[in-house]
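Residues per chain, in single letters:
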Amino acid sequence: MIIDTLIKNGHVIDPGRGIDGKFDIAIKNGRVVSVPEREQVEATIVVDATNKYVSPGWIDYHSHTMPIGNMLAPISPSLAEIPNGVTATVDQGTAGVANYKIYLDVMKFSILKFKANLNFADIGMSGVGTIDGIYPTQIYNHETWDEKIELWRTAFEENPSELLGMKFLFMNKVLFNGGVERGIETLEKAVEICNKLEKKLTCHVAQCPVPIEEVTALLREGDVLTHCFTGDYGHTILDENGKLRPKIIEARKSGVIMDTAEDIGNGCVPVDKAAIEQEFYPDCISTDLTQYTIYRTNRVLLGHAMAKYYDFGMPLNEVIRAVTETPAKVMEMYGSIGTLAPGAYGDVTIFEKRDQSVEYTDKFGNREQGKTLFAPMCTIVNGSIAWRSIDFLVDE
């Protein structure tokens, strides 16, 4: 059998298929293929993954990778993600209905698989900084949203493969219009709009002005609570005794997706640790990377975030699931990505799980020592090597 790429001798973890052991992966014409037992294989590219882990390409469910037309994320999506083992991502509201086509035009030239959530703000997160503490480009006026619903509907109908759902920032800096502070009614309207559009909602809750239980009470099955381990304003998933709030557990059982979206300031180490110790594992581990954080802090390197939850007690297979199977399902792409099943795209992450002293930090000054690093060594996209660490480069 003649194929394009053979990955041999690696320890394969594919949670969606219950695979955890030594297997070879064969890729032909950009897709994973099965090799009949005892059949000889000839491959153009052979990657020896001895003493390394092999998984479906990692998925960063929460990123900001719109490289032009805004000040938040003017970075190359591929340069930000591929060397970190990421082969697919979701841009979370960097663009709104007025400028999303810029993002789609740029991403056509990226090798990343991608989708985007539209921001309820017309131009998304195009500005940075604040005026009197308010983000000027994200002032939501929910009273005008009914007038815009056909614009949003048209965007989704014309771009069904690229646009996933809506993104709502429920934080105190963006809930003002005309000097009037807005509260839970804005989220209620956001959910109403998503019901009309028949789309899922990703809701940002870092710096949320109300208790998180009020948010999860409104979210529906398949909606995403992003920055789920926030520590801002005491509005966390933990009660005053450090135990999970019952309504948060109920939300998970009802199908609300828990996404970490680390960023430099949207996580909290004690909340992270307490959640994992109580076996409340995140559904998605993601970065929330921007130009202001990528390669400037370990917190937005996906392998570092994965190692944090592993060190805190999250099982390895569940860590891998949170960057493969689950986000692929949320993206409505599982089977094409998030798995190494025959027929899936040949997107593969080869990584080492190193014993290494690390430190997990947050903006509150909390520090926790760790002992693990998930280090990407090779990222394969559609069967081709897109990036390979210099210490994994072996001359043939």
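Summary of the structure given here. (Residues numbered from 1 in each chain as written. Predicted model: local features only at pLDDT ≥ 70, side-chain atom pairs only at ≥ 80, totals over all residues. Heavy atoms only, no water.)

Points about the overall build of the protein chain
Scanning the protein chain for helices and strands turns up ten helices and 17 strands. In terms of principal-axis extent, the alpha carbons of the protein chain reach across some 70 × 50 × 35 Å. Partitioning the intrachain contacts of the protein chain with sequence separation of at least 6 by distance along the chain shows that 74% fall at a separation of at least 24. Of the accessible surface of the protein chain, which amounts to about 16000 Å², a share of 49% is contributed by carbon and sulfur atoms. When the 38 positive and 55 negative side-chain charges of the protein chain are each reduced to one mean point, those points stand 2 Å apart. (Helix = DSSP H or I, 4+ residues; strand = E, 2+ residues; numbered from the N terminus. Contact = heavy atoms within 4.5 Å. Areas by Shrake-Rupley, 256 points an atom, 1.4 Å probe, with all protein chains shown as cover. Lys, Arg positive; Asp, Glu negative; His and termini not counted. Charge placed at Lys NZ, Arg CZ, Asp CG, Glu CD.)

Side note on the pairing of strand β1 (residues 2-14)
Pairing of β1 with strand β4 (residues 42-48), which is carried by six bridges, proceeds in the parallel orientation. Pairing of I2 across the sheet is with E42, part of β4. When β1 meets strand β2 (residues 19-28), the two strands line up antiparallel, connected through eight bridges. Looking at the pairing, H11 lines up with K22 of β2. (Pairing = 2+ DSSP bridges.)

Some details on the nonpolar core
Counting residues in hydrophobic clusters, the biggest one holds 76 residues, and the most contacted among them are F120, W152, L201, V215, I237 and I285. Ranked by residues supplied to this core, first place goes to helix α4 (residues 184-197) with six residues. (Core = buried A, V, L, I, M, F, W, Y, C linked by side-chain atoms within 4.5 Å. Buried < 20%, exposed > 50% of the residue type's maximum accessible area, 1.4 Å probe, protein only.)

A word on the sheet that holds strand β7 (residues 86-96)
Strand order in the open sheet formed by seven strands is β6-β7-β8-β9-β12-β13-β14, with parallel pairing between adjacent strands. Looking at which strands have only one partner, the edges of the open sheet turn out to be β6 (58-63) and β14 (257-259). Between one strand and the next, the sheet's axes are offset by a mean angle of 25°, whatever the strand orientation. Summarising the sheet, strand β13 (residues 224-226) and β14 pair through three bridges and their orientation is parallel. By the bridge assignment for β14, V224 is matched with I257. Helix α2 (residues 100-107) rests against β7, β8 (113-119) and β9 (163-169) of the sheet, and its axis sits at about 175° to β8. (Axes fitted to C-alpha atoms, helices over the stretch in contact; angles between N-to-C directions.)

Notes on unusual backbone geometry
Residue E198 is not a glycine yet carries a positive backbone phi of 60°. Note on placement: E198 falls in the loop between α4 and β12 (201-204). Positive phi, close to 45°, is recorded for A261, a residue that is not glycine. In this fold, A261 is placed in the loop between β14 and α7 (269-277).

Description of the pairing of β7
When you tally the buried positions in β7, you get eleven out of eleven residues, the bulk of the element. One ladder, built from four bridges, connects β6 with β7; its direction is parallel. Pairing of D60 across the sheet is with T89, part of β7. Examined bridge by bridge, β7 and β8 share six bridges and lie parallel to one another.

Things to note about α4
Helix length check: α4 (14 residues) gives 20 Å between terminal C-alpha atoms against 20 Å at 1.5 Å per residue, within 8%. Those residues of α4 not exposed but buried are T186, L187, K189, A190, V191, I193, C194 and L197. Those residues of α4 that are buried are in contact with α3 (145-158), β9, β12 and α5 (212-216). A positive phi of about 60° marks E198, the residue just after α4. (Expected span 1.5 Å × (residues − 1).)

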